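# Remarks on the overall topology
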Amino acid sequence: MGRTALIVIDMLNTYEHEDAEVLVRSVREALPGAMALLERARAADAPVVYVNDNFGRWRSHHGEILEAALAGDYADLVEPIAPDEESLFVVKARHSIFYETPLAYLLGQLDVRRVVLCGQVTEQCVLYSALDAHIRHLDVVVALDAVAHIDPGLADAALKMMERNMSAELSPSGEITFEDVRGD
(Lines give C-alpha, C1' and ligand atoms only; values in the text may rest on other atoms or scores of the structure.)
Protein backbone atom coordinates (compact mmCIF):
# COMPACT_ATOMS: atom_id res chain seq x y z
CA MET A 1 0.00 0.00 0.00
CA GLY A 2 1.10 3.53 -0.69
CA ARG A 3 -0.16 6.90 0.34
CA THR A 4 -1.77 9.73 -1.58
CA ALA A 5 -0.25 13.20 -1.22
CA LEU A 6 -1.65 16.57 -2.18
CA ILE A 7 0.89 18.72 -4.03
CA VAL A 8 0.15 22.46 -4.10
CA ILE A 9 2.13 24.04 -6.94
CA ASP A 10 3.22 27.71 -6.96
CA MET A 11 0.19 29.07 -5.12
CA LEU A 12 2.30 31.25 -2.81
CA ASN A 13 2.71 33.99 -5.37
CA THR A 14 3.05 37.78 -5.39
CA TYR A 15 1.72 37.94 -8.97
CA GLU A 16 4.35 40.46 -9.99
CA HIS A 17 4.90 39.17 -13.51
CA GLU A 18 3.85 39.76 -17.09
CA ASP A 19 0.83 37.41 -17.19
CA ALA A 20 -0.41 38.18 -13.70
CA GLU A 21 -3.69 39.85 -14.65
CA VAL A 22 -4.89 36.88 -16.69
CA LEU A 23 -3.58 34.35 -14.19
CA VAL A 24 -5.22 36.06 -11.21
CA ARG A 25 -8.67 35.66 -12.80
CA SER A 26 -8.07 31.94 -13.24
CA VAL A 27 -6.63 31.54 -9.73
CA ARG A 28 -9.79 33.09 -8.28
CA GLU A 29 -11.81 30.39 -10.06
CA ALA A 30 -9.47 27.60 -8.90
CA LEU A 31 -9.20 28.75 -5.28
CA PRO A 32 -12.38 27.06 -3.93
CA GLY A 33 -11.29 23.71 -5.38
CA ALA A 34 -7.82 24.05 -3.87
CA MET A 35 -9.30 24.98 -0.50
CA ALA A 36 -11.59 21.94 -0.58
CA LEU A 37 -8.68 19.63 -1.45
CA LEU A 38 -6.58 21.02 1.39
CA GLU A 39 -9.42 20.52 3.85
CA ARG A 40 -10.01 16.90 2.79
CA ALA A 41 -6.32 16.00 2.61
CA ARG A 42 -5.71 17.39 6.09
CA ALA A 43 -8.79 15.61 7.47
CA ALA A 44 -7.51 12.33 5.99
CA ASP A 45 -4.02 12.88 7.44
CA ALA A 46 -2.60 12.78 3.91
CA PRO A 47 0.72 14.50 3.30
CA VAL A 48 0.33 18.05 1.98
CA VAL A 49 3.40 19.32 0.16
CA TYR A 50 3.72 22.87 -1.12
CA VAL A 51 6.21 23.09 -3.97
CA ASN A 52 6.83 26.70 -4.82
CA ASP A 53 9.05 28.72 -7.09
CA ASN A 54 11.64 30.84 -5.33
CA PHE A 55 11.23 33.57 -8.00
CA GLY A 56 14.98 33.91 -8.28
CA ARG A 57 15.43 34.72 -4.59
CA TRP A 58 18.23 32.28 -3.90
CA ARG A 59 18.47 32.95 -0.17
CA SER A 60 14.76 32.53 0.46
CA HIS A 61 12.99 29.81 2.39
CA HIS A 62 9.34 28.88 2.75
CA GLY A 63 8.62 31.46 5.45
CA GLU A 64 9.99 34.30 3.35
CA ILE A 65 8.13 33.14 0.24
CA LEU A 66 4.87 32.98 2.22
CA GLU A 67 5.49 36.38 3.86
CA ALA A 68 6.15 38.05 0.50
CA ALA A 69 2.98 36.57 -0.97
CA LEU A 70 0.88 37.61 2.03
CA ALA A 71 2.33 41.14 1.88
CA GLY A 72 1.52 41.50 -1.82
CA ASP A 73 -1.51 42.91 -3.58
CA TYR A 74 -3.11 39.46 -3.86
CA ALA A 75 -2.90 38.20 -0.30
CA ASP A 76 -6.56 37.21 -0.62
CA LEU A 77 -5.46 34.46 -3.05
CA VAL A 78 -2.82 33.15 -0.65
CA GLU A 79 -4.35 33.44 2.79
CA PRO A 80 -7.08 30.78 2.34
CA ILE A 81 -4.60 28.15 1.14
CA ALA A 82 -1.57 29.05 3.27
CA PRO A 83 0.43 26.13 4.68
CA ASP A 84 -0.40 25.00 8.19
CA GLU A 85 2.10 23.70 10.77
CA GLU A 86 1.92 20.16 9.37
CA SER A 87 2.48 21.09 5.73
CA LEU A 88 5.74 20.20 4.04
CA PHE A 89 7.55 22.60 1.72
CA VAL A 90 9.93 22.22 -1.20
CA VAL A 91 11.47 25.17 -3.04
CA LYS A 92 11.87 24.87 -6.81
CA ALA A 93 13.48 27.07 -9.41
CA ARG A 94 12.16 25.63 -12.68
CA HIS A 95 8.82 24.42 -14.02
CA SER A 96 8.74 20.84 -12.73
CA ILE A 97 8.25 20.19 -9.04
CA PHE A 98 10.83 17.40 -9.36
CA TYR A 99 13.59 19.14 -11.33
CA GLU A 100 16.62 19.39 -9.03
CA THR A 101 14.47 19.28 -5.88
CA PRO A 102 14.33 16.68 -3.09
CA LEU A 103 10.64 15.98 -3.78
CA ALA A 104 11.09 12.46 -5.17
CA TYR A 105 13.13 11.50 -2.11
CA LEU A 106 10.55 13.07 0.24
CA LEU A 107 7.65 11.25 -1.43
CA GLY A 108 9.59 7.99 -1.20
CA GLN A 109 10.19 8.54 2.51
CA LEU A 110 6.45 9.13 2.97
CA ASP A 111 5.58 6.00 0.91
CA VAL A 112 3.57 8.11 -1.55
CA ARG A 113 2.42 6.28 -4.70
CA ARG A 114 -0.26 8.71 -5.85
CA VAL A 115 -0.07 12.50 -6.17
CA VAL A 116 -2.96 14.92 -6.49
CA LEU A 117 -1.82 18.08 -8.26
CA CYS A 118 -3.40 21.49 -7.83
CA GLY A 119 -2.11 25.00 -8.38
CA GLN A 120 -0.63 26.91 -11.25
CA VAL A 121 0.04 27.10 -14.17
CA THR A 122 -1.81 24.23 -15.89
CA GLU A 123 0.00 24.55 -19.22
CA GLN A 124 3.41 24.98 -17.62
CA CYS A 125 4.34 23.81 -14.13
CA VAL A 126 1.40 21.43 -13.67
CA LEU A 127 2.03 19.81 -17.07
CA TYR A 128 5.77 19.32 -16.55
CA SER A 129 5.21 18.11 -13.00
CA ALA A 130 2.64 15.55 -14.13
CA LEU A 131 5.10 14.23 -16.71
CA ASP A 132 7.89 13.96 -14.16
CA ALA A 133 5.57 12.22 -11.67
CA HIS A 134 4.48 9.78 -14.38
CA ILE A 135 8.05 8.85 -15.34
CA ARG A 136 8.71 8.23 -11.63
CA HIS A 137 5.88 5.66 -11.69
CA LEU A 138 3.57 7.71 -9.49
CA ASP A 139 -0.16 7.70 -10.14
CA VAL A 140 -1.17 11.24 -11.10
CA VAL A 141 -4.47 12.99 -10.42
CA VAL A 142 -5.10 16.53 -11.61
CA ALA A 143 -7.87 18.45 -9.87
CA LEU A 144 -9.65 20.10 -12.80
CA ASP A 145 -11.27 22.87 -10.77
CA ALA A 146 -8.15 23.55 -8.67
CA VAL A 147 -5.63 24.38 -11.39
CA ALA A 148 -5.19 27.84 -12.90
CA HIS A 149 -4.06 28.81 -16.37
CA ILE A 150 -2.82 31.74 -18.41
CA ASP A 151 -3.95 30.49 -21.82
CA PRO A 152 -7.21 28.48 -21.79
CA GLY A 153 -6.49 26.75 -25.12
CA LEU A 154 -3.04 25.63 -24.02
CA ALA A 155 -4.44 24.56 -20.66
CA ASP A 156 -7.04 22.36 -22.35
CA ALA A 157 -4.35 20.84 -24.57
CA ALA A 158 -2.10 20.27 -21.54
CA LEU A 159 -4.91 18.48 -19.69
CA LYS A 160 -5.52 16.24 -22.71
CA MET A 161 -1.80 15.44 -22.87
CA MET A 162 -1.71 14.60 -19.16
CA GLU A 163 -4.68 12.27 -19.51
CA ARG A 164 -3.59 10.59 -22.73
CA ASN A 165 0.21 10.51 -22.49
CA MET A 166 0.70 10.33 -18.73
CA SER A 167 -2.35 8.29 -17.73
CA ALA A 168 -3.37 11.11 -15.41
CA GLU A 169 -6.79 10.98 -13.86
CA LEU A 170 -8.59 14.29 -14.39
CA SER A 171 -11.25 14.87 -11.74
CA PRO A 172 -13.15 17.66 -10.06
CA SER A 173 -11.82 18.30 -6.56
CA GLY A 174 -15.05 17.03 -4.97
CA GLU A 175 -14.48 13.55 -6.41
CA ILE A 176 -10.86 13.16 -5.28
CA THR A 177 -10.15 11.05 -2.21
CA PHE A 178 -6.97 10.60 -0.20
CA GLU A 179 -7.11 6.90 0.56
CA ASP A 180 -4.11 4.59 0.43
CA VAL A 181 -3.39 3.01 -2.95
CA ARG A 182 -2.31 -0.53 -3.81
CA GLY A 183 1.16 -1.14 -5.14
CA ASP A 184 2.04 -3.07 -8.30
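Reading guide: rules and limits
- Residues numbered from 1 in each chain as written.
- Predicted model: local features only at pLDDT ≥ 70, side-chain atom pairs only at ≥ 80, totals over all residues.
- Heavy atoms only, no water.
- Buried < 20%, exposed > 50% of the residue type's maximum accessible area, 1.4 Å probe, protein only.
- Helix = DSSP H or I, 4+ residues; strand = E, 2+ residues; numbered from the N terminus.
- Pairing = 2+ DSSP bridges.
- Right-handed = clockwise from strand over helix to strand, strands pointing away.
- Expected span 1.5 Å × (residues − 1).
- Bend = angle between axes of the 7 residues up to and from the residue.
- Contact = heavy atoms within 4.5 Å.
- Salt bridge = Lys/Arg side-chain N within 4 Å of Asp/Glu carboxyl O.

## Here we look at the pairing of strand E1 (residues 3–9)
A regular strand places its side chains on the two faces of the sheet in alternate fashion. Within E1, six of the seven residues are buried, which leaves it mostly tucked inside the rest of the structure. Two strands pair when backbone bridges link them, and E1 and strand E4 (residues 112–120) are joined in this way by seven bridges, in the parallel orientation. Residue pairing in the sheet places leucine 6 in a bridge with valine 116 of E4. Handedness of the crossover is the feature at issue here: the chain leaves E1, passes through helix H1 (residues 20–43), returns alongside strand E2 (residues 48–53), and the resulting connection is right-handed.

## Overview of H1
Here H1 is 24 residues long and its end C-alpha atoms lie 32 Å apart, about the 34 Å a rise of 1.5 Å per residue gives. The principal kink in H1, of about 40°, is found at alanine 30, preceding the proline proline 32 by one to four residues. For H1, the set of buried residues is Ala20, Leu23, Val24, Ser26, Val27, Ala30, Leu31, Gly33, Ala34, Leu37, Leu38 and Ala41. The inward-facing, buried residues of H1 abut E1, E2, helix H3 (75–78), E4 and strand E5 (139–148). Once H1 finishes, aspartate 45 follows within two positions and takes phi at roughly 60°, a positive value.

## Focus: the pattern of salt bridges
Under the definition given, this model contains four salt bridges. Among the ionic pairs, lysine 92 bridges to aspartate 10, the shortest N-O distance being 3.0 Å. Highlighted residues: lysine 92 in strand E3 (residues 88–92) and aspartate 10 in the loop between E1 and H1, separated in sequence by 82 residues. For aspartate 10, a relative accessible area of 5% gives the class buried.

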